[in-house]
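Take a look at the letters that make up each chain.
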Amino acid sequence: MSEHDHENVNPDANKAVLTKESFESDQAVRWCPGCGDYAILATAQRTLAKFNVPREKHVFVSGIGCSSRFPYYMNTYGFHTIHGRAPTVATGLKCVNPELAVWVITGDGDGLSIGGNHLIHCMRRNVDLNILLVNNRIYGLTKGQYSPTSEIGKITKSSPSGTIDYPFNALCIAIASEATFVARTLDTDPRHMGMIFERAMAHKGVSFIEIYQNCIIFNDKAFGPVIGRENRDDRMIYLEDGKPLLFGSDRKKAIRMNGLRPEVVSLDEIKNENELLIHRENQMNPTYAYLLTQMHYPEMPEPFGVFRAIEKPTYNEMMDKQVEDAIAQKGEGTLEKLIYGADTWKVG
Amino acid sequence: MNATMANEIKENQQGGVKKPQKTVANITIRFAGDSGDGMQLTGDQFTDTTAVMGNDFATFPDYPAEIRAPAGTLPGVSSFQIQFSNDIIFTPGDQSDVLVAMNPAALKVNLGNVRKGGLIIVNESVFNEMNLRKAAWKSDPLQDDTLKDYQVLKAPLSQLTKNALKDHPLKMTEIERCKNFFALGMMFWLFDREMEHTLNWIKKKFAKKPEIANANIAALMAGYNYADITEVLAAQYHVAKAHLEPGTYRKIMGNEAAALGFITAARLAKKTLFYGTYPITPASTILHDLARFKNYHVKTFQAEDEIAAIGAAIGASFGGEIGMTGTSGPGLCLKSEALNLAIMAELPLVVINVQRGGPSTGMPTKTEQADLLQTLFGRNGESPIAVVAPKTPSDCFMMAVEAVRIAVKYMTPVVFLSEGNLANGAEPWKLPDIATLPKIEIRHPVATAEKFLPYARDPKTLARPWAIPGTPGLEHRIGGLAKADLTGNVSYDGPNNQKMMELRAEKIQRIADDIPLLEIRGPEKGKLLVVGWGGTFGPIYQAMEELKRENIVVSHVHLNYLNPFPKNLGEILKQFETILVPELNLGQLLMVLRHKFPGIHAVGFHKVQGLPFQVDEMAAKIKELV
Amino acid sequence: MKRACPSCGFENIAGSDRCEECFHSLMQIDLPKPSKSDAFQRAVMTKPVSDLLTGKDLLVANENDTIAKVVRVFQEHNLKCILIYREKKLVGILSNRDIIQKAARKDLDIAKVKVRDIMTPNPEYVKPDDPIAVAVNKMALGGFRNLPVLSGDGAPLSIITIKDVLSFLSHRHQKV
């Protein structure tokens, strides 16, 4: 969806303006009380209502996992597919029906473990869809095994002596796959989440959003050290395009590059504002965005917001163009030409 | 040079000094050489000429074992076999009557395939020590008694070609390349073929390089003349025209026919054909073919793996177009979970499986029929699926159309079960009258005053409505979890679960109302009925024809639809004492028939050697049982 | 990437087995070929190893022979390298370098050290029909200087070194 599309879209489709309630399905939501997914669901419903894109144009495609229950609670079209394969179904859907706003809902297990390969290729291809990866650093639905993003040494049902897997970072994978829009947000800041969802909807190309989500039952307060109320001022940076990376309760801390290493500086220390690292989303070279993903607790504050936003032709538009070009060059195919068009001979 | 030689040939054909003509019913020729020798081209040209002259034929290419191999080595041998006949035939021949071996390696690889007493033509020029060593000949087969059981023509083809083209302004390598036309010319004389088709073809294809066109023509004529003159070839062989049904024909390979069939079906349905696939032998050529027909609204998607391929196809079907995926045995294993999703979501989907030697990686370039049980049962839970199987290369077209027709009418995945042999084999295809092609009408629901029920079923077909995302008022969610009747909401209710499972099974069974009844070839009751499926059609057909000549008459039905079976199969089986089920596996259809029709006396005939049944062995087995 | 068909000129996708237009086989055109203007490359890629063989008698040793014996044989016949056989099978190769590096030690009595203790086992070899380029390639990849040449049934024919290759090429070059 391009930036122009969310206004004046199909005025006949919905006579009434859409509200959050328009997007609520009739299914009772059954996540655990206190689950972060509730906030994500509500934010999605509110954002979609804001855009006033007709409900029928949205499709939510999910895999398997707690977060993958999402489509059932949205009153749009939805497809609850199989573990890890949502990006593939979403790709096929978008390629035949590019008018749809296609969302992929996945989690740290569904998307980065079994689905890792498909996620990488979907982002590599720059299919115009929005991927919401709900990361709670645990396997919730199957009741508490560790995930590829769980910290090493974590004690869980399947790792009573602690995990021996090194975790990796969802956004690193996204940037390595050259996703054209990469962002991180969190379930406890619905305002920020909503803003990120809006940016994703407006972005033409694949949008990858990692959402820090709290699994209250199996991994409660996993992100607490970073996003907990007492810590977040000093441990979270909200990225703003064109501005320095300011944080701290008094917004007096910033980031400066020391060679290839980002380091924290106090605004009082620096002599010249030019020393500060300025956030720029629109860079074809992904190195800077990758640097941001390497900033994690406890060594560095963690960035939230849009890490990277560039544009390049999308897979589905290039596919459509090839078909159009072929028709322009060779004319619409007819069955006559198809069947009778080769070397033939007659009998009798 | 052209005109003179052409006149000479005309004189010969008009009754100058001519060798005797013998009439035969059919001939099998195998052209074999190094991969650079152009034997596929020679075989193709011979085939095209034979087609124009009105014989029925079947061909089979034998590609080199390696992608590229040094010249003259055994893995570099490439061959092409054609059987042509005055009658209807369906197999490329068991053993060859004539072998054209362009080098020692080609002779080594293909000698075992020539019938005793057959004619072997070798390119004597290249039977030197080095080449013999490369081909692992311990001694020169042209000098010792290796070839004592065959008629041998030792023709120095390379030398003869060089001589014929000595006045042509070409480089040595270009002249070398013309020797395959020399060999072709010899074959044209030997089988009394008209050269006009090939002459026109050469002039057209090499229009930009007239010196090569002339050289090829000269080589062709020289070969023809040489065969006429040489004493070893004592007679010409004549194969009369076959009684083919009147119509327009083209030569087609199985995979090609399938691709055309799928495109046709999508166009009849006025839909985009979305093909998600991952390259795998022997299915890759379907992707290559479809990728060139974009102007027919065909979108091909080369996925990162087999699962992504079927996932994308499912997404396309969900999106309201024709989703299709294609693979071979190992790929079908990988796709099984996603296939089940399509079965639960009750979406139309076509899944192509071009079977090859298995299990696991097996023999990728060899043929087999051992995926039937996997196709019917290889998924978790009760998971019924429709299965169709073509029986000849040209039959791939109609069965492809059928697969799509059934998929969209019954909102179900359909497996198109082909095999390596059909995929690569070629034969004449009588082109269908476009007006008679089946109609594929699809109706998508629109919003009404009533609440939309995604799993309400058509009373006749039990298919659910195909609601396209983007249609206002029909918003709903589907998925792989067990779902309630009518609404499709997630439901773990016990009785509902059983009901839905039985509905899905019944839906597949009802396809039987929509497919043709089986036709029996031969008497309607008797001692023996041969029940075949897939590519065994050719060998069974020809074995029966052979046995008819010995006054042994049996009956034959061939299953194009493997699930559900045609409605009259059970009745037919009861009319025979013994049922013979020949298949290229260890008894899969046999197992299914015994299970579905207890009480029949069924016997299997199994071969899993990567090769199709030979007509001889099929006839022998049938004889054994009557 | 397209390749022109040498017969009709049609531009085919790289790697096509045959020309789409005239169906001529393209399976031989992709194999590595020497450039026409480079006589050395042509000679090395097309000429067989058998062109290098000088026909000198080849001696072989047994793996149980002592190094002392091998040293005597080297001195008598002015050899630098010898093939080691067990019955009719090539099992090793031993050069003067092996002797210097592994056996010339104060604490070793070469009358007691056996060939099999210090030989290089299971050496690479070439056949007389192999192009010289194959021999050069093996030497370069393996980092060795002596390459056995065996006949089809494994009998020893010769040992060639890079010096043999160079003198062959310079000899030919003079003729050219």
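These notes cover the structure that comes with them. (Residues numbered from 1 in each chain as written. Chains lettered and ligands numbered in written order. Predicted model: local features only at pLDDT ≥ 70, side-chain atom pairs only at ≥ 80, totals over all residues. Heavy atoms only, no water.)

1. Considerations on the overall build of chain C
- Looking only at helices and strands, chain C has 6 helices and 8 strands in total.
- Along chain C, helices and strands appear, N-terminal first, in the series β-β-α-β-α-β-β-α-α-β-α-β-β-α.
- The C-alpha radius of gyration computed for chain C amounts to 22 Å, which surpasses the reference 16 Å derived for 176 residues by more than 25%, pointing to a less compact arrangement than a globule.
- Viewed in the frame of its principal axes, chain C has a C-alpha envelope of about 75 × 35 × 30 Å.
- Scored against the burial criterion, the 176 residues of chain C give a buried share of 35%.
- For chain C, the share of sequence-separated contacts (at least 6 apart) that also reach a separation of at least 24 residues comes to 49%.
- Of the roughly 10800 Å² that chain C leaves accessible, carbon and sulfur atoms contribute 53%.
- For chain C, the distance from the average position of its 27 positive side-chain charges to the average position of its 21 negative side-chain charges is 5 Å. (Helix = DSSP H or I, 4+ residues; strand = E, 2+ residues; numbered from the N terminus. Rg over C-alpha atoms; globule rule 2.2 N^0.38 Å. Buried < 20%, exposed > 50% of the residue type's maximum accessible area, 1.4 Å probe, protein only. Contact = heavy atoms within 4.5 Å. Areas by Shrake-Rupley, 256 points an atom, 1.4 Å probe, with all protein chains shown as cover. Lys, Arg positive; Asp, Glu negative; His and termini not counted. Charge placed at Lys NZ, Arg CZ, Asp CG, Glu CD.)

2. A few points about the packing of helix α2 (residues 39-52) of chain B against helix α8 (residues 196-205) of chain B
Residues and elements named next belong to chain B.
- It is at 9 Å that the axes of α2 and α8 come closest, and there the two elements cross at 130 degrees. Put simply, α2 runs oblique to α8. Where α2 crosses over α8, the handedness of that crossing is right-handed. Contacts from Leu41, Gln45, Asp48, Thr49 and Val52 in α2 reach His197, Thr198 and Trp201 in α8.
- Residues that form the contact of α2 with α8 fall into these classes: 3 nonpolar, 4 polar and 1 charged. (Axes fitted to C-alpha atoms, helices over the stretch in contact; angles between N-to-C directions. Parallel < 35°, antiparallel > 145°, perpendicular 65-115°, else oblique. Left-handed = near helix turned anticlockwise from the far one by under 90°. Nonpolar A, V, L, I, M, F, W, Y, C, P; charged D, E, K, R; others polar.)

3. Section: the sheet that holds strand β3 (residues 101-107) of chain A
- Taking strand neighbours across the sheet as the criterion, the 9 strands line up as β7(A)-β10(A)-β5(A)-β6(A)-β4(A)-β3(A)-β1(A)-β2(A)-β17(B) in an open arrangement whose pairing is mixed. Unpaired on one side and paired on the other, β7 (236-238) of chain A together with β17 (477-479) of chain B mark the two borders of the sheet. The sheet shows a mean angle of 20 degrees between the axes of neighbouring strands, direction not considered.
- Pairing of strand β1 (residues 58-62) of chain A with β3 of chain A, which is carried by 5 bridges, proceeds in the parallel orientation. The residue of β3 of chain A that forms the bridge with histidine 58 of chain A is alanine 101 of chain A.
- Packing against the sheet, helix α14 (residues 336-345) of chain B makes contact with β2 (77-80) of chain A together with β17 of chain B, and its axis sits at approximately 140 degrees to β17 of chain B. (Pairing = 2+ DSSP bridges.)

4. A look at the environment of glutamate 63 of chain C
Residues and elements named next belong to chain C.
- Topologically, glutamate 63 is positioned in the loop between β3 (60-62) and α2 (67-77).
- For glutamate 63, a relative accessible area of 10% puts it in the buried group.
- It is 6.6 Å that separates the C-alpha atoms of glutamate 63 and tyrosine 85, two residues lying 22 residues apart in sequence.
- Within the structure, glutamate 63 has its side chain in polar contact with the side chain of arginine 86 (distance 2.6 Å). (Polar contact = N/O pair within 3.5 Å; in protein donor to acceptor, adjacent residues only side chain to side chain.)

5. A closer look at the arrangement of the chains
- Contacts between protein chains span 2 pairs of chains, and they are most numerous for chains A and B.
- A gap remains between chain A and chain C, with no contact made and the closest C-alpha atoms lying 13 Å from each other.

6. A few points about the interface of chain B and chain C
- Each partner contributes to the interface: chain B provides 24 residues, whereas chain C provides 21 residues.
- Overall, the association of chain B and chain C removes approximately 1900 Å² of surface from exposure, summing both partners, and the carbon and sulfur fraction of that is 48%.
- It is Arg68, Arg177 and Lys205 of chain B in chain B that bury the most area against chain C; as a group they hold 34% of the surface buried on that side.
- For the salt bridge of aspartate 129 of chain C with arginine 133 of chain B, the shortest nitrogen-to-oxygen distance reads 2.4 Å.
- On the surface where chain B and chain C come into contact, there are 9 residue pairs in polar contact (both at pLDDT 80 or more).
- For the side of chain B that touches chain C, the elements supplying multiple residues, two or more each, are α2, α4 (129-134) and α8 of chain B.
- The element that contributes the greatest number of residues to the side of chain B that touches chain C is α2 of chain B, accounting for 3 residues.
- Counted by class, the side of chain B that touches chain C contains 10 nonpolar, 5 polar and 9 charged residues. (Buried area = accessible area lost by both parts, 1.4 Å probe. Salt bridge = Lys/Arg side-chain N within 4 Å of Asp/Glu carboxyl O.)

7. As for the packing of helix α1 (residues 37-51) of chain A against helix α6 (residues 190-202) of chain A
Residue and element names in this part refer to chain A.
- Taken N-terminus to C-terminus, the directions of α1 and α6 make an angle of 50 degrees; their axes are 9 Å apart at the nearest point. Considering their axes alone, α1 and α6 lie oblique with respect to each other. Handedness of the α1/α6 crossing: right-handed. Of the residues in α6, those in contact with Ala39, Ile40, Thr43, Ala44, Thr47, Leu48, Lys50 and Phe51 of α1 are Pro190, Met193, Gly194, Phe197, Glu198 and Met201.
- For the contact of α1 with α6, the per-class residue count stands at 9 nonpolar, 3 polar and 2 charged.

8. A few points about the packing of aromatic side chains
- Applying the stated rule across the entire model yields 31 aromatic pairs over all chains.
- Seen from their ring centres, tryptophan 31 of chain A and phenylalanine 70 of chain A are 6.4 Å apart, and the 45 degrees between their planes marks the pair as tilted. Taken together, the positions of tryptophan 31 of chain A in the segment before α1 and phenylalanine 70 of chain A in the loop between β1 and β2 put the pair 39 residues apart, joining distant regions of the chain. For the pair tryptophan 31 of chain A and phenylalanine 70 of chain A, a shared accessibility class is recorded, and that class is buried.
- Taken together, the ring pairs in this structure connect Trp31, Tyr38, Phe60, Phe70, Tyr73, Trp103 and Phe197 of chain A into an aromatic cluster.
- Across the ring face of tyrosine 212 of chain A, the terminal group of arginine 137 of chain A is positioned such that the distance to the ring centre comes to 5.6 Å.
- Looking at arginine 18 of chain C, its charged tip hangs above the ring of phenylalanine 23 of chain C, at a distance of 4.4 Å from the centre. (Phe/Tyr/Trp six-rings, centres within 6.5 Å; stacked < 30°, edge-to-face > 60°. Lys NZ or Arg CZ within 6 Å of the ring centre and 35° of its normal.)

9. Quick notes on the environment of isoleucine 212 of chain B
- Mapped onto the fold, isoleucine 212 of chain B is located in helix α9 (residues 210-229).
- Expressed as a C-alpha distance, the spacing of isoleucine 212 of chain B and proline 169 of chain B, which sit 43 residues apart in the sequence, is 9.1 Å.
- Setting aside anything within four residues of it in sequence, one finds isoleucine 212 of chain B in contact with Leu170, Glu174 and Phe206 of chain B together with Pro6 and Ser7 of chain C.

10. Comments concerning the side chain of aspartate 37 of chain A
Residues and elements named next belong to chain A.
- If you trace the backbone, aspartate 37 turns up in helix α1.
- No salt bridge is formed by the buried aspartate 37, whose closest oppositely charged neighbour, arginine 69, lies at an N-O distance of 9.3 Å.
- Leave out the neighbours within four places in its chain, and aspartate 37 touches Trp31, Cys66, Ser67, Val134 and Gln213.

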